[in-house]
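These are the residues of each chain, in order.
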Amino acid sequence: MSVRHPLRPARVLAEAANLILTADQANVAATPRDVVWTHRTTTLYRYRSDRRRHPVPVLLVFALINRPDVFDLRPGNSFVEFLLAEGFDVYLLDWGVPDEEDADRGLEHYVCDQLHWAVRRVLRGSGSDRVSLVGWCMGAAFTAMYAALHPGGPVVNTVLLTMPYDTEGSVYRRWVTADTYDVTTLADLRSVPGHAIDWANKMLKPVSNYVTTYRRLWDQVEQGTVDREAFQSMARWVADNPPFPARAYREWITWLYQDNRFAAGTLRLRGHRVDPARIDAAVLVVTAADDHIAPRAGTVPFLDRVGSTDVTHFDRPGGHIGLMAGSKARNRIWPDIADWLTVRSAPTPARSTS
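Residues numbered from 1 in each chain as written. Predicted model: local features only at pLDDT ≥ 70, side-chain atom pairs only at ≥ 80, totals over all residues. Heavy atoms only, no water.

A word on the overall build of the chain. The helix and strand tally for the chain stands at 16 helices and 12 strands. Computed over its C-alpha atoms, the radius of gyration of the chain comes to 21 Å, within 12% of the 20 Å expected for a compact globule of 354 residues. With respect to the three principal axes, the spread of C-alpha positions in the chain is 85 × 55 × 40 Å. In the chain, buried positions account for 52% of the 354 residues. Of the roughly 16300 Å² of accessible surface on the chain, a fraction of 50% belongs to carbon and sulfur atoms. (Helix = DSSP H or I, 4+ residues; strand = E, 2+ residues; numbered from the N terminus. Rg over C-alpha atoms; globule rule 2.2 N^0.38 Å. Buried < 20%, exposed > 50% of the residue type's maximum accessible area, 1.4 Å probe, protein only. Areas by Shrake-Rupley, 256 points an atom, 1.4 Å probe, with all protein chains shown as cover.)

Shown next as structure tokens:
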């Protein structure tokens, strides 16, 4: 029978603590890129590449919660890297870090202004008259809203990753419709602290987030199997929580959760109804079986309400973030997304001159 060295637990604790405390030094979002356009806190990036072969550029759109660096998490495990290697012209929309001066920015500002302007800049920079939008989480909802408001426009493909849509019955909706939840008072803070939202997300699975994660790290350190770069890059990204502008937060919670307007068909932006039936772009909806933030059951109804004649649904194992940023994403979902985009990014047939 083997005898454990009495100092081993102390060494494991020291190594685990070191991994946690130095996570802010992880190499995140390292793929070379250039600034294409900025407005207020928003920045549009274009990734450098000498392998572009698809004529339709791809614009990546993430949520207001956390940073879009998750698309380019770390060298060797980056969706951006993967798309570049597949020959796509890749752009990233970064909402930035808002401050108190941005408290008046509502959902219309992001969907009707910033996303719209970014699309135009992508078209100008790429020389294309078409674009593919890839949205994740709230970014997927923004993408779907934008496509619904601009049928017949330049958006020809929409990839919607773990998108909240029909929030009826969700844990979030139960929380924010409770008598004790006063969204107006929270919004009066001018902005909602990002760490408060992160805490709420983690409380959906408190044991997993506050116990299991660190128990798994302990076991991996003890067994010598820990992947330092993987753990630290994810830990750094998870901890980077920009504040949520007050108006956008109030509207997001009220319109999409308390009133469930998107699914009910009553959501209006700039006076126009956001109707998924008006979406004529090709649509790919990707759900995660273990998603507790945007459960599959709340996303699937969108498939029956979108107007496009080209609709695809991929359902994969994984959680809200792990689906696309986990160690298995490269083999489990990235190739399928790239293949789907490739088929729909062919050159436009030349017009006959006869």
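It is worth spelling out the packing of aromatic side chains at this point. Applying the stated criterion across every chain yields a total of 16 aromatic pairs. Judged by centre distance (6.0 Å) and plane angle (80 degrees), the rings of Trp95 and Phe142 are edge-to-face. Of the two residues, Trp95 is situated in the loop between strand E4 (90-94) and helix H3 (107-126) and Phe142 in helix H4 (residues 138-149); the sequence distance between them amounts to 47 residues. Phe142 matches Trp95 in its accessibility class, with the two residues each being buried. Taken together through their ring pairs, the aromatic side chains of Phe62, Phe71, Phe79, Phe82, Trp136, Trp237 and Trp334 make up a single cluster. Stacked on the ring of Tyr45, the Lys or Arg Arg33 has its end atom at 3.7 Å from the ring centre. (Phe/Tyr/Trp six-rings, centres within 6.5 Å; stacked < 30°, edge-to-face > 60°. Lys NZ or Arg CZ within 6 Å of the ring centre and 35° of its normal.)

As a further point, take the environment of His54. Checked against the element boundaries, His54 lands in the loop between strand E2 (42-47) and strand E3 (58-61). Residues His54 and Phe302 lie 248 residues apart in sequence; the distance between their C-alpha atoms is 28 Å. Not counting the four nearest positions on each side in its chain, His54 is found in contact with Glu86, Gly87, Phe88, Thr342 and Ser345. (Contact = heavy atoms within 4.5 Å.)

A few words now on empty space enclosed by the protein. All chains considered together, the criterion is met by one cavity of 30 Å³ or more. Computed from the structure, the largest cavity encloses a volume of approximately 40 Å³. In terms of lining residues, the largest cavity is bounded by Thr41, Leu64, Trp95, Gly96, Pro98, Arg105, Tyr110, Pro243 and Pro245. Looking at the lining of the largest cavity, its residues break down into six nonpolar, two polar and one charged. (1 Å grid on protein atoms, 1.4 Å probe; cavity = no way out; pocket = protein on both sides within 12 Å on 5 of 7 lines; lining within 4 Å. Points joined across faces, edges and corners; volume = space filled by probe spheres on them. Nonpolar A, V, L, I, M, F, W, Y, C, P; charged D, E, K, R; others polar.)

It is worth spelling out the pattern of salt bridges at this point. In this structure the tally under the stated criterion is 19 salt bridges. When the shortest N-O distance is used, the salt bridge between Arg48 and Asp34 registers 2.9 Å. Of this pair, Arg48 sits in the loop between E2 and E3 while Asp34 sits in strand E1 (residues 33-39), and the two are 14 residues apart along the sequence. The exposure class assigned to Arg48 is partly exposed, which follows from its relative accessible area of 48%. For Asp34, a relative accessible area of 34% puts it in the partly exposed group. A salt bridge links Arg46 to Asp89, with the nearest nitrogen and oxygen atoms 2.7 Å apart. On the criterion of sequence distance, the pair formed by Arg46 in strand E2 and Asp89 in the loop between helix H2 (79-85) and E4 is long-range, its members being 43 residues apart. (Salt bridge = Lys/Arg side-chain N within 4 Å of Asp/Glu carboxyl O.)

Taking 1.5 Å of rise per residue, 20 residues should cover 28 Å, and H3 covers 27 Å from first to last C-alpha, within 8% of that figure. Taking the largest bend as the criterion, H3 deviates by roughly 25 degrees, centred on Leu115. A positive phi of about 75 degrees marks Gly127, the residue just after H3. (Expected span 1.5 Å × (residues − 1). Bend = angle between axes of the 7 residues up to and from the residue.)

Turning our attention to the sheet that holds E3. Taken together, eight strands build an open sheet; the order of strands is E1-E2-E4-E3-E5-E6-E11-E12 and the sheet is mixed. Edge positions in the sheet fall to E1 and strand E12 (311-316), since each of these pairs with one other strand and no more. Between one strand axis and the next, the sheet turns by 20 degrees as a mean value, whatever way the strands run. Note that strand E6 (residues 155-161) and strand E11 (residues 282-288) share five bridges and pair parallel. Bridged to Leu161 within E11 is Val286. Running over the sheet, H3 touches E1, E2, E3, E4 and strand E5 (131-136) and is turned about 135 degrees from E1. This element, H4, spans E3, E5 and E6 of the sheet and lies at about 140 degrees to E5. (Pairing = 2+ DSSP bridges. Axes fitted to C-alpha atoms, helices over the stretch in contact; angles between N-to-C directions.)

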